[in-house]
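Observations on the three-dimensional arrangement
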Amino acid sequence: MMDIKEIQEYLPHRYPFLLVDKVVELNLGESITAIKNVSINEPFFQGHFPQISVMPGVLIVEALAQAAGILGFKTSDKTPADGSIYLFVGADNVRFKRQVVPGDQLVLKVEYVSDRRGIWKFKCSAYVKDDLAATADIICADRPF
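The following refers to the structure shown. Bear in mind the structure is a predicted one, so any value in this text is a computation, not a measurement.

Glancing now at the overall build of the chain. A count of helical and extended segments in the chain gives 2 helices and 6 strands. The order of helices and strands in the chain, counted from the N terminus, is α-β-β-α-β-β-β-β. Taking 145 residues into account, the globule formula puts the C-alpha radius of gyration at 15 Å, and the chain, at 14 Å, falls close to it. Across its three principal directions, the C-alpha atoms of the chain cover 45 × 30 × 25 Å. Among the 145 residues that make up the chain, the fraction classed as buried is 46%. Taking as baseline every contact in the chain between residues at least 6 positions apart, the subset at least 24 positions apart corresponds to 61%.

In C-alpha coordinates form, the structure reads like this:
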(Lines give C-alpha, C1' and ligand atoms only; values in the text may rest on other atoms or scores of the structure.)
Protein backbone atom coordinates (compact mmCIF):
# COMPACT_ATOMS: atom_id res chain seq x y z
CA MET A 1 0.00 0.00 0.00
CA MET A 2 1.14 3.51 -0.82
CA ASP A 3 -0.74 6.64 0.18
CA ILE A 4 -0.62 9.95 -1.68
CA LYS A 5 2.38 11.22 0.34
CA GLU A 6 4.51 8.23 -0.69
CA ILE A 7 3.24 8.38 -4.28
CA GLN A 8 4.48 11.98 -4.46
CA GLU A 9 7.97 10.73 -3.55
CA TYR A 10 7.98 8.58 -6.71
CA LEU A 11 6.06 10.76 -9.18
CA PRO A 12 7.05 14.36 -9.95
CA HIS A 13 3.46 15.17 -11.01
CA ARG A 14 1.26 17.45 -8.90
CA TYR A 15 -2.33 18.70 -9.02
CA PRO A 16 -4.02 18.85 -11.43
CA PHE A 17 -1.90 16.30 -13.29
CA LEU A 18 -1.23 13.71 -10.58
CA LEU A 19 -3.62 10.92 -11.59
CA VAL A 20 -2.82 8.20 -9.05
CA ASP A 21 -4.47 8.51 -5.62
CA LYS A 22 -3.44 5.25 -3.97
CA VAL A 23 -1.49 2.06 -4.60
CA VAL A 24 -3.27 -1.02 -3.27
CA GLU A 25 -0.89 -3.74 -4.46
CA LEU A 26 2.74 -3.72 -5.55
CA ASN A 27 4.94 -6.66 -6.56
CA LEU A 28 8.40 -5.36 -7.41
CA GLY A 29 9.46 -6.27 -10.93
CA GLU A 30 6.03 -7.74 -11.64
CA SER A 31 2.90 -5.63 -11.20
CA ILE A 32 1.08 -2.76 -9.54
CA THR A 33 -2.57 -2.01 -8.87
CA ALA A 34 -3.41 1.63 -8.24
CA ILE A 35 -6.55 3.73 -7.84
CA LYS A 36 -7.70 7.00 -9.41
CA ASN A 37 -10.90 8.35 -7.85
CA VAL A 38 -12.73 10.29 -10.55
CA SER A 39 -14.51 13.34 -9.16
CA ILE A 40 -16.75 15.93 -10.81
CA ASN A 41 -14.24 18.47 -9.44
CA GLU A 42 -11.59 17.37 -11.98
CA PRO A 43 -10.67 20.45 -14.03
CA PHE A 44 -10.99 18.62 -17.37
CA PHE A 45 -14.71 18.02 -16.83
CA GLN A 46 -15.37 21.76 -17.37
CA GLY A 47 -14.69 21.29 -21.05
CA HIS A 48 -14.96 17.53 -21.70
CA PHE A 49 -17.89 17.67 -22.05
CA PRO A 50 -20.02 20.31 -20.30
CA GLN A 51 -23.29 18.41 -20.85
CA ILE A 52 -21.98 14.84 -20.50
CA SER A 53 -18.85 14.58 -18.34
CA VAL A 54 -16.44 11.94 -19.71
CA MET A 55 -12.82 11.47 -18.60
CA PRO A 56 -10.59 12.00 -21.65
CA GLY A 57 -9.05 8.77 -22.91
CA VAL A 58 -5.61 10.34 -23.07
CA LEU A 59 -5.82 10.98 -19.32
CA ILE A 60 -6.78 7.37 -18.65
CA VAL A 61 -3.66 6.34 -20.58
CA GLU A 62 -1.63 8.94 -18.64
CA ALA A 63 -2.91 7.51 -15.35
CA LEU A 64 -1.76 4.06 -16.49
CA ALA A 65 1.65 5.51 -17.44
CA GLN A 66 1.97 7.12 -14.00
CA ALA A 67 1.21 3.80 -12.32
CA ALA A 68 3.83 2.20 -14.60
CA GLY A 69 6.30 4.89 -13.53
CA ILE A 70 5.75 4.03 -9.87
CA LEU A 71 6.35 0.35 -10.62
CA GLY A 72 9.55 1.19 -12.51
CA PHE A 73 10.85 3.54 -9.82
CA LYS A 74 10.07 1.14 -6.98
CA THR A 75 11.56 -1.83 -8.86
CA SER A 76 14.75 0.17 -9.60
CA ASP A 77 14.86 1.57 -6.05
CA LYS A 78 15.02 5.13 -7.43
CA THR A 79 13.08 8.36 -6.98
CA PRO A 80 13.05 11.68 -8.83
CA ALA A 81 15.07 13.04 -5.87
CA ASP A 82 17.88 10.72 -7.04
CA GLY A 83 17.96 12.59 -10.37
CA SER A 84 15.92 10.05 -12.33
CA ILE A 85 12.65 10.46 -14.21
CA TYR A 86 10.40 8.07 -16.11
CA LEU A 87 9.21 9.65 -19.33
CA PHE A 88 6.14 8.34 -21.13
CA VAL A 89 7.49 7.70 -24.64
CA GLY A 90 4.90 5.54 -26.33
CA ALA A 91 1.69 3.58 -26.28
CA ASP A 92 0.65 0.72 -28.54
CA ASN A 93 -2.58 -1.23 -28.85
CA VAL A 94 -4.61 1.46 -27.05
CA ARG A 95 -8.30 0.58 -26.83
CA PHE A 96 -11.18 2.19 -24.95
CA LYS A 97 -14.04 -0.06 -23.91
CA ARG A 98 -16.25 2.11 -21.70
CA GLN A 99 -16.65 5.72 -20.62
CA VAL A 100 -15.23 6.84 -17.30
CA VAL A 101 -17.46 9.40 -15.58
CA PRO A 102 -17.58 11.33 -12.30
CA GLY A 103 -18.06 9.01 -9.34
CA ASP A 104 -16.16 6.13 -10.94
CA GLN A 105 -13.16 4.57 -9.27
CA LEU A 106 -10.59 3.75 -11.93
CA VAL A 107 -8.53 0.67 -11.05
CA LEU A 108 -5.17 0.80 -12.84
CA LYS A 109 -3.47 -2.57 -13.38
CA VAL A 110 0.06 -2.60 -14.80
CA GLU A 111 2.27 -5.59 -15.50
CA TYR A 112 6.01 -5.36 -16.14
CA VAL A 113 6.99 -6.83 -19.53
CA SER A 114 10.66 -5.94 -20.05
CA ASP A 115 13.41 -3.35 -19.72
CA ARG A 116 16.53 -2.81 -21.79
CA ARG A 117 18.93 0.13 -21.61
CA GLY A 118 16.44 2.24 -19.69
CA ILE A 119 13.44 1.50 -21.92
CA TRP A 120 10.64 -0.17 -19.94
CA LYS A 121 7.58 -1.89 -21.39
CA PHE A 122 4.33 -2.50 -19.51
CA LYS A 123 1.00 -4.18 -20.26
CA CYS A 124 -1.77 -2.03 -18.78
CA SER A 125 -5.50 -2.13 -18.22
CA ALA A 126 -7.97 0.17 -16.48
CA TYR A 127 -11.20 -1.02 -14.90
CA VAL A 128 -14.30 0.47 -13.33
CA LYS A 129 -15.52 -2.22 -10.95
CA ASP A 130 -15.26 -5.37 -13.10
CA ASP A 131 -15.77 -3.52 -16.40
CA LEU A 132 -12.73 -3.09 -18.61
CA ALA A 133 -12.43 0.61 -19.47
CA ALA A 134 -9.15 0.73 -21.42
CA THR A 135 -6.04 -1.23 -22.37
CA ALA A 136 -2.62 -0.14 -23.59
CA ASP A 137 0.95 -1.32 -23.95
CA ILE A 138 3.01 1.52 -22.50
CA ILE A 139 6.67 2.34 -23.01
CA CYS A 140 8.62 4.53 -20.57
CA ALA A 141 12.20 5.73 -20.62
CA ASP A 142 14.22 5.99 -17.41
CA ARG A 143 16.38 9.06 -17.88
CA PRO A 144 18.56 11.30 -15.70
CA PHE A 145 17.48 14.90 -15.25
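Using the criterion set out here, one finds 6 salt bridges in the structure. Note that Lys-36 is salt-bridged to Glu-42, the shortest N-O span being 2.7 Å. For the pair shown, Lys-36 and Glu-42 are each scored as buried. One salt bridge in this structure joins Asp-104 and Arg-98, with 3.2 Å as the shortest N-O distance. Look at Asp-104 and you get buried, because its relative accessible area is 13%.

All told, the structure shown has 5 aromatic pairs when counted by the stated rule. In this structure an aromatic cluster arises from ring pairing among Phe-73, Tyr-86, Tyr-112, Trp-120 and Phe-122.

This part covers the pairing of strand β5 (residues 119-128). Of the strand pairs in this sheet, strand β4 (residues 105-116) and β5 are connected by 10 bridges, and their pairing is antiparallel. When the sheet's bridge partners are listed, Lys-109 is paired in β5 with Ser-125. In sequence, β4 turns back onto β5 through a hairpin of 2 residues, with Arg-117 there showing a positive phi of about 50°. Bridge count for β5 against strand β6 (residues 131-144) is 10 bridges, and the pairing is antiparallel. What sits directly across from Trp-120, in β6, is Cys-140. From the end of β5 to the start of β6, which pair antiparallel, there are 2 residues, and Lys-129 there has a positive phi angle of about 55°.

Judged by nonpolar contacts, the single largest core of 40 residues is most densely connected at Met-55, Leu-106, Leu-108 and Val-110. Counting residues per element, the ones that place at least two in this core are α1 (4-10), β2 (31-37), α2 (57-76), β4, β5 and β6. Here this core gets 11 residues from one element, more than from any other, and that element is α2. Those residues in contact with Met-55 that sit more than four places away from it in its chain are Val-38, Phe-44, Phe-45, His-48, Ile-60, Val-100 and Leu-106.

Analysis parameters
- Residues numbered from 1 in each chain as written.
- Predicted model: local features only at pLDDT ≥ 70, side-chain atom pairs only at ≥ 80, totals over all residues.
- Heavy atoms only, no water.
- Helix = DSSP H or I, 4+ residues; strand = E, 2+ residues; numbered from the N terminus.
- Rg over C-alpha atoms; globule rule 2.2 N^0.38 Å.
- Buried < 20%, exposed > 50% of the residue type's maximum accessible area, 1.4 Å probe, protein only.
- Contact = heavy atoms within 4.5 Å.
- Salt bridge = Lys/Arg side-chain N within 4 Å of Asp/Glu carboxyl O.
- Phe/Tyr/Trp six-rings, centres within 6.5 Å; stacked < 30°, edge-to-face > 60°.
- Pairing = 2+ DSSP bridges.
- Core = buried A, V, L, I, M, F, W, Y, C linked by side-chain atoms within 4.5 Å.

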